[in-house]
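Chain by chain, the residues:
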Amino acid sequence: MKFGTKAIHAGIEPDPSTGAIMTPIYQTSTYVQTSPGQHKGFEYSRTHNPTRKALENSLAILENGKHGLCFSSGMGAIDTIIKMFEPGDEIISTNDLYGGSYRIFTKVFQRYGLKFNFVPMHNTEAIEEKINEKTKMLWVETPTNPLMNIIDIKACAALAKKHNILLAVDNTFSTPYLQNPLDMGADIVMHSVTKYIAGHSDVVMGAIVVNDDKLRDTLAFLQNSCGAVPGPQDCFLVLRGIKTLHVRMQRHCENGRIVAEYLDKHPKVGKVYWPGLSHHPNHEVAAQQMKDFGGMISFTLKSDTKEDAVKVLEKFKYFTLAESLGGVESLSGHPASMTHASIPVAERQKSGLKDSLIRLSVGLEDVEDLVEDLRQAIG
Ligand code: P1T
């Protein structure tokens, strides 16, 4: 089955009691038992819910995986993955990553005795240097948020295998339409479903997909024990969003290319970060592991000052200034003071995240209007 067909049909069965073609919103916390332990597969909605189950099956199939698990947010999914580890364990993470991921690693889990090493993972050699007998997992984001570095998933999988450690990939920016990390040897795929998968800026949700049965059981145990599950109404909205994921992603990529190429030629623009540009330092790896290059673009102005970046952000009409990404509408952001403000300045500077950086989530509007918005804002 091809991706678009999967997006519409995968994991979805007509409702067994009514034949409803759309999975109903099972707005229930509990399920009647005829005798203790005798039920129809559902006991309590923290553990299972039929609407959530349909979504988990759909996501597993889209990622070419065996098991899906949905969470109340992307952070809820990350929290559950990291809770698999013990004090003293070490995790190697990319040094350019979502500020909230950096925050939970350093401000929450470091307090419980876990150690995180941040390295520029687009340089695969830098990873191996940090691996020791305590290392338990590689944490990859690709493209990275917000600098759009591309990390070679197959090379990371080879390293993880060699050292008998796990490889987790935050696939939020790519979506399963653009790349499937499990096919490239990853053990865990994680998503902020809030973004492209839901696609309409109306839901906060996270997901994990794995192949290994034991890994699934450990994660499901932690999920059920700690409780970060999404409600059925949100699951319904995401099931609806998924049905157009392939069509939306095609347009995000098309519009992304036109916007990136416009910025790249603009005399007032300094650097453009988009993996589809042939001069992007990891363009070759991106071309190998991604179907297309996505709709996330960052750039700086030639003047390279925060003040000028803020002026542009204030002038946008369609690139609305807001956190988040991946919805039908275009958004803009200032990572240093918004999504990545929780990363200390010195760390941001080490990874190359400047105060002058502007991040765009290119939406599905007519691209002529988006280019005109850039023209009037940059001047
Ligand atoms: O917001 P939430 O659904 O909890 O997902 C967290 C998350 C995880 N991973 C990546 C790569 C992300 O980009 C995010 C959330 N990011 C934003 C809100 C943002 O504007 O970058």
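Think of each chain on its own: its residues are numbered from 1, step by step along the sequence as written. The predicted origin of the model limits local features to residues at a pLDDT of at least 70 and limits the giving and counting of side-chain atom pairs to 80 or more, whereas totals for whole chains, interfaces and linings rest on all residues. Hydrogens and water are ignored here; the side-chain numbers use all heavy atoms of the structure.

1. What about the site of the ligand?
Next up, step 1: Within the structure, the ligand sits among 18 residues, and Asp-170, Thr-194, Lys-195, Ser-324 and Arg-359 are positioned closest to it.
Next up, step 2: By the criterion applied in these results, polar contacts are pairs of N or O atoms within 3.5 Å in which, for protein atoms, one can donate a hydrogen and the other can accept it, and in which residues neighboring in sequence qualify only through two side-chain atoms. A distance of 3.2 Å separates a nitrogen atom of the ligand from a polar atom in the side chain of Lys-195.
Next up, step 3: Within the backbone of Ser-324, an N or O atom sits 2.8 Å from an oxygen atom of the ligand.
Next up, step 4: When residues are grouped by polarity, Ala, Val, Leu, Ile, Met, Phe, Trp, Tyr, Cys and Pro land in nonpolar, Asp, Glu, Lys and Arg in charged, and all others, Gly among them, in polar. A per-class count over the shell around the ligand returns 5 nonpolar, 8 polar and 5 charged. A cutoff of 4 Å decides nearness: a residue is near a molecule or strand if any of its heavy atoms lies inside that distance of it.

2. Section: the pairing of strand 2 (residues 90-94)
Next up, step 1: The cut-offs for exposure are 20% and 50% of the maximum accessible area for each residue type, with area from a 1.4 Å probe on protein chains only; residues under the lower value are buried, those over the upper are exposed, and the others partly exposed. The helix count covers DSSP runs of H or I at least four residues long, the strand count covers runs of E at least two residues long, and both are numbered beginning at the N terminus. Counting buried positions along strand 2 yields 5 of 5 residues, so the element is predominantly enclosed.
Next up, step 2: Strand pairing follows a simple DSSP-based rule, namely that at least 2 bridges must link the two strands. Pairing analysis gives 5 bridges linking strand 2 to strand 3 (residues 115-119), with the strands arranged parallel. For Thr-94, the partnering residue across the bridge sits in strand 3 and is Val-119.
Next up, step 3: Each parallel crossover has a hand, and for strand 2 linked through helix 4 (residues 99-108) to strand 3 it is right-handed.
Next up, step 4: As paired elements, strand 2 and strand 4 (residues 135-141) share 4 bridges and run parallel to each other. Bridge pairing in strand 4 places Ile-91 opposite Met-137. For a crossover, the right-handed case is the one in which the path from the first strand over the helix to the second runs clockwise, viewed with the strands pointing away from the viewer.

3. Observations regarding the sheet that holds strand 2
Next up, step 1: The strand order across the open sheet built from 7 strands is 1-7-6-5-4-2-3, with neighbouring strands paired in mixed fashion. Two strands lie at the open edges of the sheet, namely strand 1 (67-71) and strand 3, each paired on one side alone. Shown here is a sheet whose adjacent strand axes are inclined to one another by a mean of 20°, direction ignored.
Next up, step 2: Sheet analysis places strand 6 (residues 188-192) next to strand 7 (residues 206-210), joined by 5 bridges and oriented antiparallel. Directly across from Met-190, in strand 7, lies its bridge partner Ile-208.
Next up, step 3: Together, strand 2, strand 3 and strand 4 form the strand contacts of helix 4, whose direction differs from that of strand 3 by roughly 140°.
Next up, step 4: Pairs of residues are marked as contacts when any of their non-hydrogen atoms sit within 4.5 Å. Inter-axis angles, ranging from 0 to 180 degrees, are taken between N-to-C directions of lines fitted to C-alpha atoms, where helices are fitted over the stretch in contact. Relative to strand 5 (residues 166-170), helix 6 (residues 153-162) is tilted by about 155°, and along the sheet it contacts strand 4 and strand 5.

4. Some points on the side chain of His-340
Next up, step 1: Within the element layout of this structure, His-340 appears in the loop between strand 11 (331-333) and helix 13 (345-351).
Next up, step 2: Given a relative accessible area of 0%, His-340 falls into the buried group.
Next up, step 3: A distance of 2.8 Å separates the side chain of His-340 from the side chain of Thr-339, its partner in a polar contact.
Next up, step 4: Non-local contacts of His-340, meaning those with residues more than four positions away in its chain, are made with Leu-97, Tyr-98, Gly-99, Asn-145, Pro-146, Pro-335, Arg-348, Leu-353 and Arg-359.

5. Some remarks on the packing of aromatic side chains
Next up, step 1: Any two of the Phe, Tyr and Trp rings considered here, Trp counted by its six-membered ring, make a pair once their centres fall within 6.5 Å; the pair's planes then place it as stacked at under 30 degrees, edge-to-face at over 60, or tilted in between. Overall, the coordinates contain 7 aromatic pairs when judged by the stated rule.
Next up, step 2: Look at Tyr-102 and Phe-118: their rings are 4.9 Å apart centre to centre, the planes differ by 40°, and that puts the pair in the tilted class. Of the two residues, Tyr-102 sits in helix 4 while Phe-118 sits in strand 3, which places them 16 residues apart along the sequence.
Next up, step 3: Taking 4.6 Å as the distance between ring centres and 5° as the angle between the ring planes, the aromatic pair formed by Phe-105 and Phe-116 counts as stacked. Placement of Phe-105 in helix 4 and of Phe-116 in strand 3 is noted, with a sequence separation of 11 residues between them. The same class applies to Phe-105 as to Phe-116, namely buried.
Next up, step 4: Each member of the aromatic cluster is reached from another via a ring pair, and the members are Phe-105, Phe-116 and Trp-139.
Next up, step 5: To sit over a ring, a charge needs its Lys NZ or Arg CZ within 6 Å of the ring centre and within 35 degrees of the ring normal. Looking at Lys-291, its charged tip hangs above the ring of Tyr-177, at a distance of 4.1 Å from the centre.

6. Here's the deal with the pattern of salt bridges
Next up, step 1: We define a salt bridge as a contact between a side-chain nitrogen of Lys or Arg and a carboxyl oxygen of Asp or Glu at a distance within 4 Å. Enumeration over the complete set of coordinates arrives at 14 salt bridges.
Next up, step 2: For the salt bridge of Glu-261 with Arg-257, the shortest nitrogen-to-oxygen distance reads 3.0 Å. Remark: Arg-257 and Glu-261 occur in helix 10 (residues 245-265); sequence separation between them is 4 residues, near one turn of the helix.
Next up, step 3: In this structure, Arg-348 and Asp-355 form a salt bridge, with 3.6 Å as the shortest nitrogen-oxygen distance.

7. Quick look at the sheet that holds strand 11
The strands making up a sheet are joined through hydrogen bonds of the backbone, oriented either antiparallel or parallel.
Next up, step 1: Overall, mixed pairing links the 5 strands, which are arranged 8-9-12-11-10 in an open sheet. In this open sheet, the two strands that pair with only one neighbour each are strand 8 (269-273) and strand 10 (320-321).
Next up, step 2: Sheet analysis places strand 10 next to strand 11, joined by 2 bridges and oriented parallel. Following the sheet pairing, Leu-321 is matched in strand 11 by Ser-332.

8. A word on the environment of Leu-147
Next up, step 1: In this structure, Leu-147 sits in the loop between strand 4 and helix 6.
Next up, step 2: It is 9.4 Å that separates the C-alpha atoms of Leu-147 and Val-272, two residues lying 125 residues apart in sequence.
Next up, step 3: Once residues lying within four places of it in the same chain are set aside, the contact partners of Leu-147 are Asp-96, Tyr-273, Ser-351, Gly-352, Leu-353 and Leu-357.

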